[in-house]
Structures are given as structure tokens and as C-alpha cells.
Amino acid sequence: MMFIWRWAKRLIAGVLLVVLGLLTPVAYSEVMCRPSGEPAAAQALLAAEHHRLESRTLLTYPEWYIVHAYQDYARVIETGDPHDYRFIKGISGFWRSLCALSKTSGQLGPVDGATKQMVYVIGFSFTAELLAKAAYEETLGRVFTTLRGPQRAALDDLSAAQAKGYAAFLQQTPWYKWDFDADAKALRDAGAGQMRDQERRFALGLEYGVKAAYARVIAAAVAEVGGDALTLRMIVDGADGNTLAQFSGVTVIGETPSGIEIETLRYRALTHLIKDMTEAGVSFVEIAGNDDIMFTIISEAATHPKAMYSDKRQGFENYRHLLLTDVAELAADIAGLAETSARLEHIHDY
């Protein structure tokens, strides 16, 4: 009995150490990444019920960082193996970018408690997931790739295709809506002609099973509290109502003294929409009651003079830069990219 109790205490202590280790970045962010600066006073044009906190344009990035990380991972294993992905770099990039954005957020006003809690929860989960994945892929996973040899197994290609599909899905849809059970079934149904196939079937099947169970918990929680709004309001200029109504995802609300008020889709669809409207000569006056907005660009250059944060993408030979701009300058900034080698990646709403 004493033997069991002794090992139980060691297990509990080990779990506590792991949890404390995972919470260390949260503590660091709270102490060392405090917001600086003061928000400039501005009179919003849209009605108050259509306002979203301006600081959220920055704090939407941590979720997108994870989307980008999955995209990087899919790119790496498209021709390589999972252990070729730098898991620790993936983790540190999340927390370093969050720190930079937290410091800048003081210029845009307060961050609400729910948003901060959400960012820390996803950061904790992302860190735990990548550490667990690294622990396996850098040890047993690497052993099985060595035994396999240079020729890829069938399930290496299947799992790479699944990772690519998942990364694309995340561009517009919450992760918990992905069908992990279908991925696991696809692994079971595929041929397992060699040891590597059997190992991939077991290891990834276990991973997909855990994620499927977790996804059901999150989906139930979201259903209980309700999801975030799928649309937002903005005021634009440079086009009449009939022209604006031709854009997919746009509802014209009416004219205002400052421009035309419209309602649009959010998330990835908004980036495509704003780019299309910019090319048609539309300019932006206010978005969700705010006069500042963040967007990311992809460039061959390692630095950008206006970037709040820059990072090299894994699996790609280019860099991501995070830029904050006035809403009124957004169209000009996007149009100006055509004169450079950089390209627009994503516009971060609120």
C-alpha cells in the first residue's frame, strides 16, 4: 500500500510540475508584456451596438497563429517527416508574438477579460499539444521513419493530405467542427503494407480520437454560451450602394454623412472581400466602430520597417509581418503592396 501511495504522490507531483511549466508563459506574459501607451480619443460613427473592442484586432492573431502553425506543419510533412517540424519554435512563436501584441495593445484601449482568458486557454492547449507531439515524433516517430527508410509510406502521404485539408479548413471554420473521426477512419481503411503505416495508423488514430473527444466538449460549451458574431458593420466610401451590393457577402444598410454603411462577413472571407473592394476603388472610413486595424503580409524580406512582429514561416522561404494601420489608410496600404514583392495574407477584424 505504501508503495502505491509513494508512486501516486510522484505522479501527482509530476502532473503539477507539467501544469506549472505550461503556465509559465502565461505568467511571463502577465508580468513582462504589459500594455504601454494610451489610446487616442476618437468619435465612432457606427451605432454603439455595432462596436467591437479595437484591441481585439491584435488579440485575434494568437488564434490565427495556430492556424498558420498547422499550415506550416502541413507544408513540412508534405515532403518531409513530422520530426522535421520545429515544435519548440512553433510554441515559442505563439508566446513571443502574443507578448509583442500585448505591449502594443495599450495604444488601442483595454483588452476584455474574456478575450485574454480565451487567448491564454488556447495558448496553454497549443503548447501542451505540440509538446506531446514533439515528445512522440522526436523519439518513437523518428525511430519508425528510420526503419522505414527514405521511401515514404502510404499513410505518410495520407496524413500529409489530411493535415493540408485541416489547415485550409481552419481559414474560415472553427477547429472543433473538423471531422477527426473521419480522418481516423480513413487511416483504418487505408492499406497498411509496412510497419510505418501501422505506426501512423495507431499514433495518429490516437491523436485524432483525443481531438474528437475534446472537440465535442468545446462544441457543447460554445452551443451553451453562443458563438461569436459572423458579421460586422463598416462605413465605406468610393462606391455607390448598387456597386457595393454586387459584392458577395455585403449587405448595404444605408447612407450616412460619412459614407455608406454596410454589413459584411468576417474572418477569412473579410480579407478577400476587402481586397476585392479595394481593387474596385472602395475606401474604408470605419470598421466596427474603430479607426485602427491590423493586417499581415508575406514577404521575402526578413524585416519590415513598420512591423510590430516578424517571423520566418516553417516550410516556406519567406516571412510574415504584422502591421497596424489606420482604417482610412487600409485601401492605400493594400494597393501599395502591388508595387512590392510582398502580398496581403490576412486582415484581422475584431
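These numbers were taken from a predicted model, which means no experiment stands behind them. Residue numbering note: each chain is counted from 1, following its sequence as written. The predicted nature of this model means local features are confined to residues of pLDDT at least 70 and side-chain atom pairs, given and counted, to a pLDDT of 80 or more, with totals for whole chains, interfaces and linings taken over all residues. Hydrogen atoms and water are omitted, and side-chain values are computed over all heavy atoms in the structure.

Trainee: How should the state of the cysteines be read in this particular structure?
Mentor: Each disulfide consists of a covalent bond between the sulfur atoms of two cysteine residues. When two cysteine sulfur atoms lie within 2.5 Å, the pair is treated as a disulfide. Scanning the entire structure with this criterion turns up one disulfide. Linked covalently through their sulfurs, Cys-33 and Cys-99 form a disulfide whose S-S length is 2.0 Å. What sets the handedness of the Cys-33 and Cys-99 disulfide is the S-S torsion sign, and at about -95° it is left-handed. Here the residue Cys-33 occupies a position in the loop between helix 1 (2-32) and helix 2 (56-59), and Cys-99 occupies one in helix 4 (residues 87-104), the gap between them amounting to 66 residues. The pair formed by Cys-33 and Cys-99 is uniform in burial state, with each residue classed as buried. Runs of E in the DSSP output that reach at least two residues are strands. Runs of H or I that reach at least four are helices, and both are numbered from the N terminus. Think of it in three bands: residues with accessible area under 20% of the maximum for their type are buried, residues over 50% are exposed, and the middle band is partly exposed, with areas taken using a 1.4 Å probe on protein chains only.

Trainee: In this structure, what is going on with the packing of aromatic side chains? I would like to understand it.
Mentor: The relation between two aromatic rings is expressed through the spacing of the ring centres and the mutual angle of the planes. Whether two aromatic rings pair depends on their centres lying within 6.5 Å, for rings of Phe, Tyr and Trp, where Trp uses its six-membered ring; planes under 30 degrees apart make the pair stacked, over 60 edge-to-face, and the rest tilted. Tallied over the entire structure, the rule returns 15 aromatic pairs. Taken together, a centroid distance of 5.6 Å and an interplanar angle of 40° make the contact between Trp-175 and Tyr-214 tilted. A residue pair is termed long-range when its members are at least 10 positions apart, and Trp-175 in the loop between helix 7 (154-169) and helix 8 (180-189) and Tyr-214 in helix 9 (residues 195-225) qualify at 39 residues. Residue classification places Trp-175 among the partly exposed residues on the basis of a relative accessible area of 26%. Overall, the relative accessible area of 37% leaves Tyr-214 in the partly exposed class. Ring pairing ties together the aromatic residues Tyr-70, Tyr-166, Phe-169, Trp-175, Tyr-176, Trp-178, Phe-180 and Tyr-214, which thus form one cluster. Whether a charge sits over a ring depends on NZ of Lys or CZ of Arg being within 6 Å of the ring centre and within 35 degrees of the ring normal. A cation sits over an aromatic face here: Arg-313 above Phe-316, 3.8 Å from the ring centre.

Trainee: How should the pattern of salt bridges be read in this particular structure?
Mentor: Pairing between side chains of opposite charge can happen when their charged atoms approach one another. By salt bridge we mean one thing: a side-chain nitrogen of Lys or Arg within 4 Å of a carboxyl oxygen of Asp or Glu. Following the criterion strictly, the structure yields 26 salt bridges and no others. One salt bridge connects Lys-116 with Glu-30, and the closest N-O pair in it is separated by 3.5 Å. Here Lys-116 is found in helix 5 (residues 113-137), whereas its partner Glu-30 is found in helix 1, with 86 residues between them in sequence. Among the ionic pairs, Lys-312 bridges to Glu-317, the shortest N-O distance being 3.8 Å. A relative accessible area of 31% places Lys-312 in the partly exposed class. Within the structure, one salt-bridge network assembled from shared partners comprises Asp-81, Glu-137, Arg-148, Asp-156, Arg-196, Glu-199 and Arg-200.

Trainee: Is there a simple way to explain a nonpolar patch on the surface in this structure?
Mentor: Residues with no salt bridge and a relative accessible area higher than 30% make up the patches, which join like charges within 9 Å and nonpolar side chains (Val, Leu, Ile, Met, Phe, Trp, Tyr) within 5 Å. Note on areas: Shrake-Rupley, 1.4 Å probe, and residue coverage restricted to the protein chains presented here. Side chains of Tyr-28, Val-31 and Met-32 sit close together on the surface and give an oily, nonpolar patch of about 330 Å² of accessible area. Note that Val-31 resides in helix 1. Of the residues examined, Val-31 reaches a relative accessible area of 59% and is grouped as exposed.

Trainee: Help me understand the packing of helix 8 against helix 9 in this model?
Mentor: Two quantities define a packed helix pair, namely the angle between the axes and the distance from one axis to the other. Each axis is a line fitted through C-alpha atoms, and for a helix only the stretch in contact is used; angles between axes span 0 to 180 degrees, taken between their N-to-C directions. At a minimum axis distance of 8 Å, the contact between helix 8 and helix 9 shows a crossing angle of 165°. What the angle tells us is that helix 8 and helix 9 run roughly antiparallel. The element helix 8 and its partner helix 9 pack so that their crossing is left-handed. Contacts between helix 8 and helix 9 involve Phe-180, Asp-181, Asp-183, Ala-184, Leu-187 and Arg-188 on the former and, on the latter, Arg-200, Arg-201, Leu-204, Gly-205, Tyr-208, Lys-211, Ala-212, Ala-215 and Arg-216. Note that the term roughly parallel is reserved for angles under 35 degrees, roughly antiparallel for angles over 145, roughly perpendicular for angles of 65 to 115, and oblique for everything else. Each crossing gets its handedness from the near helix: less than a right angle anticlockwise from the far helix is left-handed, clockwise is right-handed. Note on contacts: a residue pair qualifies if any of its non-hydrogen atoms lie within 4.5 Å across the two residues.

Trainee: Please clarify how the pairing of strand 8 (residues 343-348) should be interpreted in this entry.
Mentor: Here is the key point about a regular strand: its side chains alternate between the two faces of the sheet. Extensive coverage of strand 8 is indicated by the burial of five of its six residues. Across five bridges, strand 5 (residues 292-299) lies against strand 8 in antiparallel orientation. The residue of strand 8 that forms the bridge with Phe-295 is Ile-347. A strand pair is defined by DSSP finding two or more bridges across the two strands.

Trainee: Hey, could you run me through the side chain of Arg-233 in this one?
Mentor: Topologically, Arg-233 is positioned in strand 1 (residues 231-237). Throughout this description, a polar contact denotes any pair of N or O atoms lying within 3.5 Å of each other; where both atoms belong to protein, one of them has to be capable of donating a hydrogen while the other can accept it, and for residues adjacent in sequence the pair is counted only when both atoms sit in side chains. A polar contact of 3.2 Å, which involves the side chain of Arg-233, links it to the side chain of His-50. A distance of 3.0 Å separates the side chain of Arg-233 from the side chain of Glu-263, its partner in a polar contact. Setting aside residues no more than four positions away along its own chain, Arg-233 makes contact with Leu-46, His-50, Ile-253, Glu-261, Ile-262, Glu-263, Ile-287 and Ala-288.

Trainee: Even after reading the chapter, I still don't get the sheet that holds strand 4 (residues 283-287), so can you show me in this structure?
Mentor: The strands that make up a sheet pair up through hydrogen bonds in the backbone, lying either parallel or antiparallel. What the four strands build is an open sheet, ordered 2-3-1-4; its pairing is antiparallel. Each of the sheet's edge strands pairs with one partner strand only, and the pair in question is strand 2 (250-256) and strand 4. For this sheet the average axis-to-axis angle between neighbouring strands, irrespective of direction, equals 30°. Looking at chain direction, strand 2 and strand 3 (residues 259-265) are connected through six bridges and run antiparallel.

Trainee: Sorry, what's going on with the packing of helix 5 against helix 9 here?
Mentor: It is at 13 Å that the axes of helix 5 and helix 9 come closest, and there the two elements cross at 165°. Of the possible angle classes, the one that applies to helix 5 and helix 9 is roughly antiparallel. Considering only the axes of helix 5 and helix 9, their crossing is right-handed. When helix 5 is examined against helix 9, the residues Ser-125, Glu-129, Lys-133, Tyr-136 and Glu-137 are found in contact with a partner set consisting of Glu-199, Arg-200, Ala-203, Leu-204, Glu-207, Lys-211 and Tyr-214. Counted by class, the contact of helix 5 with helix 9 contains four nonpolar, one polar and seven charged residues. Think of it as three bins: nonpolar holds Ala, Val, Leu, Ile, Met, Phe, Trp, Tyr, Cys and Pro, charged holds Asp, Glu, Lys and Arg, and polar takes everything else, Gly as well.

Trainee: Whenever I open this one, helix 5 confuses me. Can you help?
Mentor: Relative to the 36 Å expected for 25 residues at 1.5 Å per residue, helix 5 spans 36 Å between its end C-alpha atoms, a close match to the ideal helical length. Listed as buried for helix 5 are Thr-115, Val-119, Tyr-120, Gly-123, Phe-126, Thr-127, Leu-130, Lys-133, Ala-134 and Glu-137. To estimate the expected span of a helix, subtract one from its residue number and multiply by 1.5 Å.

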